[in-house]
Amino acid sequence: MSTLTYAVHDSATMLRRNLRHAIRYPAVGFGSALTPILMLLLFVYAFGDSIGAGMGGGRDAYLEYLTPGIIIMGVAAGSMSTSIAICSDMTEGIVNRFRTMNITRSSFMTGHVVGSVIQTMVCAVLVVGVALAVGFRSDASPLEWLAAAGFLTAIAFAVTWLSAALGLISKTVESASNKPLLIQFLPFLGSAFVPAESMSPGLRWFAENQPFTPMTETLRGLLSGSEIGDNGWISLAWCAAIAATGYLWSRSLFNSTTTKRH
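This report concerns the structure included in the present document. (Residues numbered from 1 in each chain as written. Predicted model: local features only at pLDDT ≥ 70, side-chain atom pairs only at ≥ 80, totals over all residues. Heavy atoms only, no water.)

Here the focus is helix H8 (residues 107-133). An α-helical turn contains 3.6 residues, so a residue and the one three or four places further along point in the same direction. Its 27 residues place the ends of H8 39 Å apart at the C-alpha level, agreeing with the 39 Å of an ideal helix rising 1.5 Å per residue. Two residues or fewer past H8, Gly135 is found with a positive phi of approximately 120 degrees. (Helix = DSSP H or I, 4+ residues; strand = E, 2+ residues; numbered from the N terminus. Expected span 1.5 Å × (residues − 1).)

The biggest cluster of nonpolar side chains holds 56 residues, and the ones touching the most others in it are Ile155 and Phe193. Where this core is concerned, the elements lending two or more residues are helix H3 (34-46), helix H5 (59-77), helix H7 (94-99), H8, helix H9 (142-169), helix H13 (212-224) and helix H14 (231-255). Among residues more than four places away in sequence, those in contact with Ile155 are Ile72, Val75, Met215 and Cys239. (Core = buried A, V, L, I, M, F, W, Y, C linked by side-chain atoms within 4.5 Å. Buried < 20%, exposed > 50% of the residue type's maximum accessible area, 1.4 Å probe, protein only. Contact = heavy atoms within 4.5 Å.)

Here we come to the pattern of salt bridges. In a structure, side chains of opposite charge can pair up when their charged atoms sit close to one another. Applying the stated criterion to the full structure yields 4 salt bridges. With a shortest N-O distance of 2.9 Å, Glu208 and Arg204 are connected by a salt bridge. In this pair, Glu208 and Arg204 are both assigned in helix H12 (residues 201-209), 4 residues apart and thus about one turn of the helix distant. Classification of Glu208 by relative accessible area gives partly exposed; the value is 40%. Residue Arg204 is classed as partly exposed on the basis of its relative accessible area of 34%. (Salt bridge = Lys/Arg side-chain N within 4 Å of Asp/Glu carboxyl O.)

What follows covers the packing of aromatic side chains. If you walk through the whole model with that rule in mind, you get 7 aromatic pairs. Aromatic side chains Phe43 and Phe47 sit 5.4 Å apart centroid to centroid with 65 degrees between the ring planes, which places their arrangement in the edge-to-face category. With relative accessibility at 15%, the residue Phe43 sits in the buried group. For Phe47, a relative accessible area of 35% puts it in the partly exposed group. Both rings, one in Phe157 and one in Trp161, keep their centres 6.4 Å apart while their planes meet at 85 degrees; by these two values the pair is edge-to-face. Highlighted residues: Phe157 and Trp161, both in helix H9, separated by 4 residues, approximately one helical turn. A relative accessible area of 39% means that Phe157 is categorised as partly exposed. Judged by its relative accessible area of 7%, Trp161 is buried. Site record: aromatic cluster; members linked through ring pairs are Phe43, Phe47, Phe185, Phe188 and Phe193. Just above the ring of Tyr65 sits the side chain of Arg220; from NZ or CZ to the centre is 3.6 Å. (Phe/Tyr/Trp six-rings, centres within 6.5 Å; stacked < 30°, edge-to-face > 60°. Lys NZ or Arg CZ within 6 Å of the ring centre and 35° of its normal.)

The subject of this paragraph is the packing of helix H6 (residues 79-92) against H9. The geometry of H6 relative to H9 is characterised by a closest axis approach of 7 Å and an angle of 35 degrees between their N-to-C directions. In terms of crossing hand, the pair formed by H6 and H9 is right-handed. Between H6 and H9, the contacting residues are Ser79, Met80, Thr82, Ser83, Ile86, Cys87 and Met90 on the first element and Val159, Thr160, Ser163, Ala164, Leu166, Gly167 and Leu168 on the second. Here the residues of the contact of H6 with H9 sort into 8 nonpolar, 6 polar and no charged. (Axes fitted to C-alpha atoms, helices over the stretch in contact; angles between N-to-C directions. Left-handed = near helix turned anticlockwise from the far one by under 90°. Nonpolar A, V, L, I, M, F, W, Y, C, P; charged D, E, K, R; others polar.)

Turning next to the environment of Cys239. Along the polypeptide, Cys239 turns up in helix H14. Considered as a pair, Cys239 and Ile84 are 155 residues apart in the sequence and their alpha carbons are 22 Å apart. The contacts of Cys239, once residues within four sequence positions are left out, are Ala154, Ile155, Ala158 and Met215.

Okay, structure coming up:
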């Protein structure tokens, strides 16, 4: 077997391990879907009429506007489980056990990241299901839905690598659960809940130049069947930059705590 074949085999083994953990402890992985679902229900039923009226529509119009931002928020929230799981492995001694085994060094991180992306996408489906149940309707074609799913996977992959690095630098599981909170709530400071144009100048500048605003606008365009303009390319560039930063940071941190494998 080649080195690549061994790496894929070991990564698949680690992926199965992490998915089994997710099944045994669903509250950790799928609990991240609870916050965006509650936010969706709160903003639609408590503030939907007033905010929708201010945007020139009603509750239904605001639901159409809000749902893409909530989905993005849910994908960002899914990264929290990665940070917790990696920190738990690093502090509870299982990594020391892996050091004694003849496995590919990169398989540990790969298994965590891929497993978390799968969990995050399942959570995104739950959020979409709740949105459809409360009245969200999309004009997207099947191809646009497929593009939206691929786009959300790219976001999940990027933020999961960044969250993995945050888990590696955390000393306790509690701190690992707190560090990704900024990632989860950064969509708040974008166009997820209200248009960036309605914000004060300073906050508007930040909203227009942070990664989650073009991501939200891209998903909003895909689900509404409208043009996305340059937001798509800008979002993919952000995803590539975040993923590369998280991967290189995680690799450096993990390699500094492990010995070479043969």
